Amino acid sequence: VKIGSGAKKVFYNASHHANEWITSVVLMKFIEDYASALSQNTAIFGENARQLAQRITLYLAVMVNPDGVDLVTGEIPRGSAPYNAARRMNNPPVPFPSGWKANISGVDLNVNYPARWEEARRIKFAMGYTAPGPRDYVGPYPLSEPETQAMASFTRENEFLLTLSYHTQGAVIYWKFADYEPEHSFQIGQRMSQVSGYDLEITPSASGNAGYKDWFIQDFNKPGYTIEAGRGTSPLPLEQFPEIYEDNLGILVLGMSLAAELL
């Protein structure tokens, strides 16, 4: 989805992980509210929507992992060939299919980017994730999957000033990769933390490699953030959606307004 006509571009994505599909609902609701504010010439989180759209072009990949989400949400029928193939790959086992994170081929998309992928492979293999399965398998090589290839290609085609990658859960904003600290990235992260109540943290070392945010920071040296929305065990229940959306509306608007102001 593309909204706005500004020269500066930002990019939001959700549902790299199948059982984190509620993040796609967050972006869809935001599209609805932003479009409504544009059509009515009103504000969204204190920002005039039309002025924002004149300064920023927002791109959204609402569901990076559609086949995985279809598995988790029951859109892939029980007993079908894709369902049975995934069930055979459920090792180490997770609650099936609700706990599935990977794409339908058993590759965890958010450890499939070329940002210290070899280190991610070493860590995940040591943890026992050595073959296609429900989570944490890094793939045979970086960008081996059609989903990550599409994300990387689209990102290279545009000059995004800032990206948000939505995940669940933990109510945390991760802002850093390795020793990279893009200009204004910590400052923007602090503002996002203030409006959401989410903690601003550095990604734990066991999961701090080969993600989209990591690759974006590494290759473009621009602010990129992983937002771990909500609290609990994924998939989070829809009952938690109103609170998640309220907490994240400010982040979603600030991603645009601060990019326009600072970047």
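Participant: Which residues make up the overall build of the protein chain, and what values go with them?
Facilitator: Looking only at helices and strands, one finds nine helices and nine strands in the protein chain. For 263 residues, the compact-globule formula gives about 18 Å, and the C-alpha radius of gyration of the protein chain, at 18 Å, lands near that figure. Considering the protein chain as a whole, with its 263 residues, one finds that 56% of them fall into the buried category. Long-range contacts, defined here as pairs at least 24 residues apart, represent 81% of the contacts in the protein chain between residues at least 6 apart. Counting only carbon and sulfur atoms, one obtains 49% of the accessible surface of the protein chain, whose full area is about 11000 Å². For the protein chain, the distance from the average site of its 21 positive side-chain charges to the average site of its 28 negative ones is 3 Å.

Participant: Which residues make up the nonpolar core, and what are the values?
Facilitator: Tyr12, Phe30, Tyr34, Leu164, Tyr166, Tyr225 and Met256 are the most contacted members of the largest nonpolar core, which totals 56 residues. It is helix α9 (residues 241–262) that provides the largest number of residues to this core, a total of 12 residues. If we ignore the near neighbours within four places in the chain, the residues touching Phe30 are Tyr12, Ile44, Leu58, Tyr245, Leu249, Leu252, Val253 and Met256. Formed by 16 residues, the second largest nonpolar core is a distinct cluster that contains Phe11, Tyr113, Met151 and Ala152.

Participant: Quick one: what's the story with the packing of helix α1 (residues 22–40) against α9, residue by residue and with numbers?
Facilitator: One can describe the packing of α1 onto α9 by two numbers: an axis separation of 10 Å at closest approach and a directional angle of 60 degrees. When the interaxial angle is binned, α1 and α9 end up oblique. The two elements α1 and α9 meet at a crossing, and its hand is right-handed. Touching Ile22, Val25, Val26, Leu27, Lys29, Phe30, Asp33 and Tyr34 of α1 are Phe241, Ile244, Tyr245, Leu249, Leu252, Val253 and Met256, all from α9. Class assignment of the residues belonging to the contact of α1 with α9 gives a composition of 13 nonpolar, no polar and two charged.

Participant: Before we move on, can you summarise the layout of surface pockets with the specific residues and values?
Facilitator: Of the voids in this model, the largest pocket is the one considered here, and its volume is about 580 Å³. Taken together, 30 residues make up the lining of the largest pocket; nearest its centre are His17, Glu20, Lys101, Ser207 and Glu228. Put simply, the parts of the chain that give the lining of the largest pocket at least two residues each are β6 (160–168), α8 (212–220) and β9 (224–229). The residue inventory of the lining of the largest pocket, partitioned by class, reads six nonpolar, 15 polar and nine charged.

Participant: Which residues make up the pattern of salt bridges, and what values do they have?
Facilitator: One pass over the structure, following the stated rule, counts seven salt bridges. Here Asp33 and Lys29 are joined by a salt bridge, their closest N and O atoms 3.3 Å apart. Taken together, the residues span about one helical turn, with Asp33 and Lys29 both in helix α1 at a distance of four residues. Salt-bridge contacts for Glu119 lead to Arg122; the nearest nitrogen and oxygen are separated by 2.7 Å. On the criterion of helical spacing, the pair formed by Glu119 and Arg122 is a turn pair, its members being three residues apart in helix α5 (residues 117–126). The exposure class of Glu119 is partly exposed, given its relative accessible area of 29%. Connected through salt bridges with shared partners, the residues Lys29, Glu32 and Asp33 form a single ionic network.

Participant: Requested: an account of the packing of aromatic side chains, with residues and values cited.
Facilitator: The tally for this structure, following the rule as stated, stands at 18 aromatic pairs. On the numbers, 5.1 Å between centres and 70 degrees between planes, the contact of Tyr83 with Phe96 is edge-to-face. With Tyr83 in helix α4 (residues 81–88) and Phe96 in the loop between α4 and α5, this pair connects stretches of sequence that are 13 residues apart. Linked through ring pairs, Phe11, Tyr59, Tyr113, Phe154, Phe160, Tyr212, Trp215, Phe216 and Phe220 together constitute an aromatic cluster. Sitting over the ring of Phe125, Arg121 keeps its end group 4.1 Å from the ring centre.

Participant: Break down α1 for me, citing the residues and quoting the values.
Facilitator: Taking 1.5 Å per residue, 19 residues should reach 27 Å; α1 reaches 27 Å between its end C-alpha atoms and fits that length. Of all the positions in α1, only Ile22, Thr23, Ser24, Val26, Leu27, Phe30, Ile31, Tyr34, Ala37 and Leu38 are classed as buried. Looking one or two residues beyond α1, the residue adopting positive phi is Asn41, at roughly 55 degrees.

Calculation notes
- Residues numbered from 1 in each chain as written.
- Predicted model: local features only at pLDDT ≥ 70, side-chain atom pairs only at ≥ 80, totals over all residues.
- Heavy atoms only, no water.
- Helix = DSSP H or I, 4+ residues; strand = E, 2+ residues; numbered from the N terminus.
- Rg over C-alpha atoms; globule rule 2.2 N^0.38 Å.
- Buried < 20%, exposed > 50% of the residue type's maximum accessible area, 1.4 Å probe, protein only.
- Contact = heavy atoms within 4.5 Å.
- Areas by Shrake-Rupley, 256 points an atom, 1.4 Å probe, with all protein chains shown as cover.
- Lys, Arg positive; Asp, Glu negative; His and termini not counted.
- Charge placed at Lys NZ, Arg CZ, Asp CG, Glu CD.
- Core = buried A, V, L, I, M, F, W, Y, C linked by side-chain atoms within 4.5 Å.
- Axes fitted to C-alpha atoms, helices over the stretch in contact; angles between N-to-C directions.
- Parallel < 35°, antiparallel > 145°, perpendicular 65-115°, else oblique.
- Left-handed = near helix turned anticlockwise from the far one by under 90°.
- Nonpolar A, V, L, I, M, F, W, Y, C, P; charged D, E, K, R; others polar.
- 1 Å grid on protein atoms, 1.4 Å probe; cavity = no way out; pocket = protein on both sides within 12 Å on 5 of 7 lines; lining within 4 Å.
- Points joined across faces, edges and corners; volume = space filled by probe spheres on them.
- Salt bridge = Lys/Arg side-chain N within 4 Å of Asp/Glu carboxyl O.
- Phe/Tyr/Trp six-rings, centres within 6.5 Å; stacked < 30°, edge-to-face > 60°.
- Lys NZ or Arg CZ within 6 Å of the ring centre and 35° of its normal.
- Expected span 1.5 Å × (residues − 1).

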